[in-house]
Amino acid sequence: MSDKQLSAISPQREEDFPEWYQQVIRAADLAENSEVRGCMVIKPWGYALWERMQAVLDRMFKETGHKNAYFPLFIPLSYLEKEAAHVEGFAKECAVVTHHRLEMKDGKLVPAGELAEPLVVRPTSETIIGAAYARWVKSWRDLPILLNQWANVVRWEMRPRLFLRTAEFLWQEGHTAHETREEAEAETMKMLRVYETFARDFLAVPVLTGEKSEGERFPGALRTYCIEAMVQDRKAIQAGTSHFLGQNFSKAAGIQFQGRDGAVQHAWTTSWGVSTRLIGTLIMAHSDDDGLVMPPRIAHTHVVIIPITPKEDSKAAVLKAAENLAKAIRATSFHGEPVAVDVDIRDLGGGVKSWEYIKKGVPLRMEIGPRDLAQGTAAVSRRDRPHKEKEFLPVADIPARVPAILDEIQSALLERATAFRESNSRKLDSKEDFYAFFTPANANKPEIHGGFALTHWNGSAAVEEQIKNDLKVTIRCIPFEESPEAGTCPFTGEPSKQRVIWAKSY
RNA sequence: CGGGGUGUAGCUUAGCUUGGUAGAGCGCCUGGUUUGGGACCAGGAGGUCGCAGGUUCGAAUCCUGUCGCCCCGACCA
């Protein structure tokens, strides 16, 4: 099967991207759909990625002055009603608990005790955390409150996709309350920058930062900022958001305090979050037709050593050499943490094992066999290079070289993703070019097309709505970076202050 | 929730029109030969054909209902 099959994953990206995505998840053993509609089982290999993300982000949150706390899963229905825009935004996708007891009736369990007030399973926690903050805040001296919670939330989505949109998902939600508008705005931006740094330095995913248009804003927020990534089908994915909530939620929840001047006023709040969608982003950004590719800085396993033991008489020596190599590599550190090494001693063919770790995206694979033993070498293969490529390195040199190689892989992935995004981003100045850019050549079976279009825009929600209806293209963000370049909106001919980023999105 | 499609072993599926209670490939298990790029040989386990009714001597196959899933639309971290 080796030479006939061109790649480990079928179909390939070019043939059917959504199906390829599913197959990568399956081949890498990351997760599977569960018997509960829209809910996934995250398997150990996938959950370990989430744990790595948690560990890194948690440290970054702590370094920026935040602490963790935990709030209830259930939110009284009435809390959700307090902020008008918020209700409208989330009502349709809420799971509601109306009963609290089961009784056996005719051999079947039926809900018996109806709740006086229904409880909503949190789709996000602004309201219930706001209620707590209202109790905690009395004086300007109680501010700021800088908390984060790691939690699961439920949004009854119509069309679930593993990691990208599931009914239940894991995330972190930061919720802060501040004395002044300026301080809250600064917090919103600070956390956006944390996300940007995390995506770039750990996920090797370059992201655009900017503000959401009104139509894409978080329900109840004054401003929503986002990090947007381009994945390999050239669509955009929102990888994280940071919201400046103004005083909307503090007014709804009654977060009031007496200020330095003695006047009673409402706090200024923010919220910000990233979810297990980051895993989906990671998959679509880096993986190839052979499966998952884990950037080393987010990989839970950096190196896998595969002992090749064809002969019984040399087997013990090979296994021992493999263990010794693993031990020596574990003693080195990669960005301050020990390099994570696995030795796979299962009784399987070397080829089978190699392919398994290619599919699972381990950055470095090493094979060590009797011939290597004689020569004092091991075969080293990098996941960012073609799978046939292997380099025989002296075993004695390997441990010292591993961190540097991991760094090379990390930068190679970031460079590749950045180049991909750049080559699929266009400044467009006419409506015709814009529509052509987002129209596939084959409408029945659309090929991978489009990308990021940077165009002027008159700021009108009607234009955005029209384009969304015509092409399913939306404004992903109004970038900060773009130096204000006055121009003309190609859709209306009206003046525009700057270009915005358009794309099809997940 | 609206439009279309589909349901046979863990996965992919043949059989259905023209009823006679299931066959394959992959995967899995055992033994042997293998192992440096997805091995081979031999043997084996696994399905009451989504579910519930109906027609019939007899239903995977025909009829009715129901549920799940997939695709398109509205929603979305």
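Summing up its helical and strand segments, chain A has 14 helices and 29 strands in all. Taken against the 2.2 N^0.38 rule, which gives 23 Å for 506 residues, the C-alpha radius of gyration of chain A at 26 Å falls within 12% of a compact globule. In terms of overall dimensions, chain A has a C-alpha envelope of 80 × 60 × 60 Å along the principal axes. Counting every position in chain A, which comprises 506 residues, the buried fraction comes to 53%.

Our next topic: a negative patch on the surface. Negative charge collects at one region of the surface, where Glu-14, Glu-15, Asp-16 and Glu-19 lie side by side. With respect to the helices, strands and loops of the structure, Glu-19 is situated in helix H1 (residues 17-27).

Before going further, it helps to spend a moment on the protein's contact with RNA strand B. Around RNA strand B sit 43 residues, and of these Arg-165, Ile-358, Lys-359, Asp-372 and Lys-472 come closest. Of all RNA strand B atoms lying within 4 Å of any protein atom, the proportion belonging to sugar or phosphate reaches 39%. At 2.9 Å, a backbone N or O of Thr-166 approaches a base nitrogen of RNA strand B. One of the side-chain N or O atoms of Lys-390 is found 3.3 Å from a base nitrogen in RNA strand B. At the level of secondary structure, the elements contributing two or more residues to the surface near RNA strand B comprise helix H10 (350-360), strand E21 (364-368), helix H11 (370-375) and strand E22 (377-382). Looking at the surface near RNA strand B element by element, the count peaks at six residues for H10.

Here the focus is the sheet that holds E21. Backbone-to-backbone hydrogen bonds join strands into a sheet, with any given pair of strands oriented parallel or antiparallel. Pairing in this open sheet of five strands is mixed, and the strands run E20-E17-E21-E22-E23 from one edge to the other. The two strands at the open ends of the sheet, each matched to only one other strand, are strand E20 (341-343) and strand E23 (391-394). Averaged over all pairs of adjacent strands, the angle between strand axes in this sheet comes to 30°, irrespective of strand direction. Bridging between E21 and E22 involves four bridges; their strand directions are antiparallel. Within E22, the position partnered with Leu-364 by the bridge is Arg-382.

Turning to the packing of aromatic side chains, a few remarks are in order. In total, this model carries 19 aromatic pairs according to the counting rule given. Ring geometry for Phe-71 versus Trp-136: centroids 6.1 Å apart, planes at 40°, classification tilted. One end of the pair, Phe-71, is in the loop between strand E3 (67-68) and strand E4 (74-76); the other, Trp-136, is in helix H5 (residues 126-136), and 65 residues separate them in sequence. Phe-71 gets classed as buried once you look at its relative accessible area, which sits at 8%. The interplanar angle of 40° and the centroid separation of 5.6 Å between the aromatic rings of Tyr-133 and Trp-136 together place this pair among those described as tilted. Of the two residues, Tyr-133 and Trp-136 both sit in helix H5, three residues apart, roughly one turn of that helix. Through a chain of ring-to-ring contacts, three or more aromatic side chains come together here, namely Phe-434, Tyr-435, Phe-437, Phe-438, Phe-491 and Trp-502. Lying across the ring of Tyr-506, Lys-235 places its NZ or CZ 4.8 Å from the centre. Its guanidinium or amino end placed over the ring of Phe-202, Arg-297 lies 4.2 Å from that ring's centre, counting from NZ or CZ.

Residues Leu-30, Met-53, Leu-57, Phe-163, Phe-198, Ile-283 and Ile-298 are the most contacted members of the largest nonpolar core, which totals 56 residues. The element that contributes the greatest number of residues to this core is helix H2 (residues 44-63), accounting for eight residues. In this structure Phe-163 touches Tyr-21, Ile-25, Leu-30, Ala-31, Met-40, Ile-42, Thr-276, Arg-277, Ile-279, Gly-280 and Ile-283, once residues within four positions along its chain are discounted. Within the second largest apolar cluster, 25 residues are counted, among which are Ile-305, Leu-364, Ile-398 and Val-402.

Right, let's talk about helix H12 (residues 398-423) for a bit. Between its terminal C-alpha atoms H12 stretches 36 Å, which fits the 38 Å expected from 26 residues at 1.5 Å a residue. Within the span of H12, buried status applies to Ile-398, Pro-399, Val-402, Pro-403, Ile-405, Leu-406, Ile-409, Gln-410, Leu-413, Ala-417 and Arg-421.

Looking now at the packing of H2 against helix H6 (residues 181-201). Here H2 crosses H6 at 145°, and the two axes come no closer than 11 Å. In terms of crossing hand, the pair formed by H2 and H6 is right-handed. When H2 is examined against H6, the residues Met-53, Val-56, Leu-57, Met-60 and Phe-61 are found in contact with a partner set consisting of Met-191, Val-194, Tyr-195, Thr-197 and Phe-198. Grouping the constituent residues of the contact of H2 with H6 by class yields nine nonpolar, one polar and no charged.

Conventions we followed
Residues numbered from 1 in each chain as written. Chains lettered and ligands numbered in written order. Predicted model: local features only at pLDDT ≥ 70, side-chain atom pairs only at ≥ 80, totals over all residues. Heavy atoms only, no water. Helix = DSSP H or I, 4+ residues; strand = E, 2+ residues; numbered from the N terminus. Rg over C-alpha atoms; globule rule 2.2 N^0.38 Å. Buried < 20%, exposed > 50% of the residue type's maximum accessible area, 1.4 Å probe, protein only. Patch = residues over 30% accessible without salt bridge, like charges linked within 9 Å, V, L, I, M, F, W, Y side chains within 5 Å. Areas by Shrake-Rupley, 256 points an atom, 1.4 Å probe, with all protein chains shown as cover. Salt bridge = Lys/Arg side-chain N within 4 Å of Asp/Glu carboxyl O. Lys, Arg positive; Asp, Glu negative; His and termini not counted. Charge placed at Lys NZ, Arg CZ, Asp CG, Glu CD. Near = heavy atom within 4 Å. Polar contact = N/O pair within 3.5 Å; in protein donor to acceptor, adjacent residues only side chain to side chain. Pairing = 2+ DSSP bridges. Axes fitted to C-alpha atoms, helices over the stretch in contact; angles between N-to-C directions. Phe/Tyr/Trp six-rings, centres within 6.5 Å; stacked < 30°, edge-to-face > 60°. Lys NZ or Arg CZ within 6 Å of the ring centre and 35° of its normal. Core = buried A, V, L, I, M, F, W, Y, C linked by side-chain atoms within 4.5 Å. Contact = heavy atoms within 4.5 Å. Expected span 1.5 Å × (residues − 1). Left-handed = near helix turned anticlockwise from the far one by under 90°. Nonpolar A, V, L, I, M, F, W, Y, C, P; charged D, E, K, R; others polar.

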